[in-house]
Amino acid sequence: MNFIKSLRELLLNLLFPRRCPVCDHPVAPFDSLVCTSCKQTFTYIKQPYCLKCGKPLAREEQEYCHDCTTHRHLFDRGLALFEYKSVSDSIYRFKYKGRQEYAAYYASCMAKKLQDFITNCQADALIPVPIHKSRRYQRGYNQAEALARELSGLTGIPVVTDLIIRSHKTAPMKDLSASERQNNLKRAFKICRNDVKLSTIIIIDDIYTTGSTIDAMSLELKKAGVKRIYFMTLAIGRGA
């Protein structure tokens, strides 16, 4: 069965070459997840970073970014993989241009670079941030779910997609202020199970900005009985 699966993947790669998440050209060599010449392009998050949300900090003596110092978040802790500027074009294609295959490379980097965090969380499940059904129909997939499923295959942590849904279609977040984001997300999420038996979860998303989305989900998840909520995202901006 493994041979047949490998042969099928080889044929698919030959017929429909995997695109590099950096340059978007067919990956070279063809059986890789990223071009050899592109491997060092994205900038990984390095210390110092915020002990709450993972934003890079300007000074070694800092423990928390300005946002986490002045605002109470409902999640326990989170980390991101890349600095946003270095990966923004790639994430745009991943999210809006149908490049689901990027998820395999992203997940491999996440599983390697954030291994200690993943292990220490001892999560019962990965919960991808849900998108509204109209957006899923328009895009054909949920990019956070594509990432979570690839990460699940590498970590063994199951993906749960029927616990929480986005019940209201919200406005795009990229052009909203922090307060507008919070208002935009009020009552946006809904628990759709009567018996939530998960104690610890990791929310998976593509970008962390102000934490409004993670907080809105955390509020509903904690009301449903989830005790510890962590998150991991592909990218995050700089803190202050």
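Everything numeric in this text was worked out from a predicted model, so none of it was measured.

1. Things to note about unusual backbone geometry
- With an omega dihedral of 0°, the bond running from alanine 28 to proline 29 counts as a cis peptide bond.
- With respect to the secondary-structure elements, proline 29 resides in the loop between α1 (2-15) and α2 (66-70).
- We note that aspartate 24 has phi near 70°; this positive angle belongs to a residue other than glycine.
- Under the relative-accessibility criterion, aspartate 24 is labelled buried at 15%.

2. Some words on the pairing of strand β6 (residues 228-236)
- By the criterion of burial, β6 is predominantly enclosed, with 8 of the 9 residues buried.
- Bridge count between strand β1 (residues 77-83) and β6: 6 bridges; the pairing is parallel. Bridge pairing in β6 places phenylalanine 82 opposite alanine 235.
- Pairing of strand β5 (residues 200-208) with β6, which is carried by 8 bridges, proceeds in the parallel orientation. What sits directly across from isoleucine 202, in β6, is tyrosine 230.
- With helix α9 (residues 212-223) bridging β5 and the parallel β6, this β-α-β connection has right-handed handedness.

3. With respect to the sheet that holds β6
- The sheet built from 4 strands is open, its strands ordered β1-β6-β5-β2 with parallel pairing. The sheet terminates laterally at β1 and β2 (125-128), the two strands that pair on one side only. Adjacent strand axes in the sheet meet at a mean angle of 20° when their direction is disregarded.
- Against the sheet, helix α4 (residues 102-113) makes contact with β1 and β6, and its axis sits at roughly 125° relative to β1, the strand it touches most.
- The sheet contacts of helix α7 (residues 143-155) involve β2, β5 and β6, and relative to β5 the element is tilted by about 130°.

4. What to know about α9
- When the terminal C-alpha atoms of α9 are compared, their 17 Å separation across 12 residues agrees well with the 16 Å that a helix rising 1.5 Å per residue should span.
- Most of α9 is tucked away: 9 of the 12 residues are buried.
- The set of residues buried in α9 consists of Ser212, Thr213, Ile214, Asp215, Ala216, Met217, Ser218, Glu220 and Leu221.
- Glycine 225 sits one or two residues past α9 and shows a positive phi near 115°.

5. Here we look at the packing of aromatic side chains
- Evaluation of the coordinates by the stated rule reveals 9 aromatic pairs.
- Feature note: the residues Phe42, Tyr44 and Phe82 constitute an aromatic cluster, connected by ring pairs.
- One cation-aromatic arrangement involves lysine 113 over tyrosine 44; the distance from NZ or CZ to the ring centre is 4.5 Å.

6. Notes on the packing of helix α3 (residues 84-96) against α4
- Where α3 meets α4, the closest approach of the two axes is 10 Å, and the angle between their N-to-C directions is 130°. Between α3 and α4, the angle is such that the two are oblique. Within the contact between the two elements, α3 uses Ser90, Ile91, Arg93 and Phe94 and α4 uses Tyr102, Ala103 and Tyr106.
- Looking at the contact of α3 with α4 residue by residue, the class counts come to 5 nonpolar, 1 polar and 1 charged.

7. Examining the nonpolar core
- Ranked by size, the top nonpolar core spans 70 residues in total, and within it Tyr106 and Leu221 carry the most contacts.
- No other element matches α4, which puts 8 residues into this core.

8. A closer look at the side chain of histidine 73
- Along the chain, the position of histidine 73 falls in the loop between α2 and β1.
- Judged by its relative accessible area of 7%, histidine 73 is buried.
- Ignoring any residue separated from it by four or fewer positions in sequence, one finds histidine 73 in contact with Lys52, Asp67, Cys68, Tyr208, Thr210, Gly211 and Asp215.

Thresholds applied
- Residues numbered from 1 in each chain as written.
- Predicted model: local features only at pLDDT ≥ 70, side-chain atom pairs only at ≥ 80, totals over all residues.
- Heavy atoms only, no water.
- Helix = DSSP H or I, 4+ residues; strand = E, 2+ residues; numbered from the N terminus.
- Buried < 20%, exposed > 50% of the residue type's maximum accessible area, 1.4 Å probe, protein only.
- Pairing = 2+ DSSP bridges.
- Right-handed = clockwise from strand over helix to strand, strands pointing away.
- Axes fitted to C-alpha atoms, helices over the stretch in contact; angles between N-to-C directions.
- Contact = heavy atoms within 4.5 Å.
- Expected span 1.5 Å × (residues − 1).
- Phe/Tyr/Trp six-rings, centres within 6.5 Å; stacked < 30°, edge-to-face > 60°.
- Lys NZ or Arg CZ within 6 Å of the ring centre and 35° of its normal.
- Parallel < 35°, antiparallel > 145°, perpendicular 65-115°, else oblique.
- Nonpolar A, V, L, I, M, F, W, Y, C, P; charged D, E, K, R; others polar.
- Core = buried A, V, L, I, M, F, W, Y, C linked by side-chain atoms within 4.5 Å.

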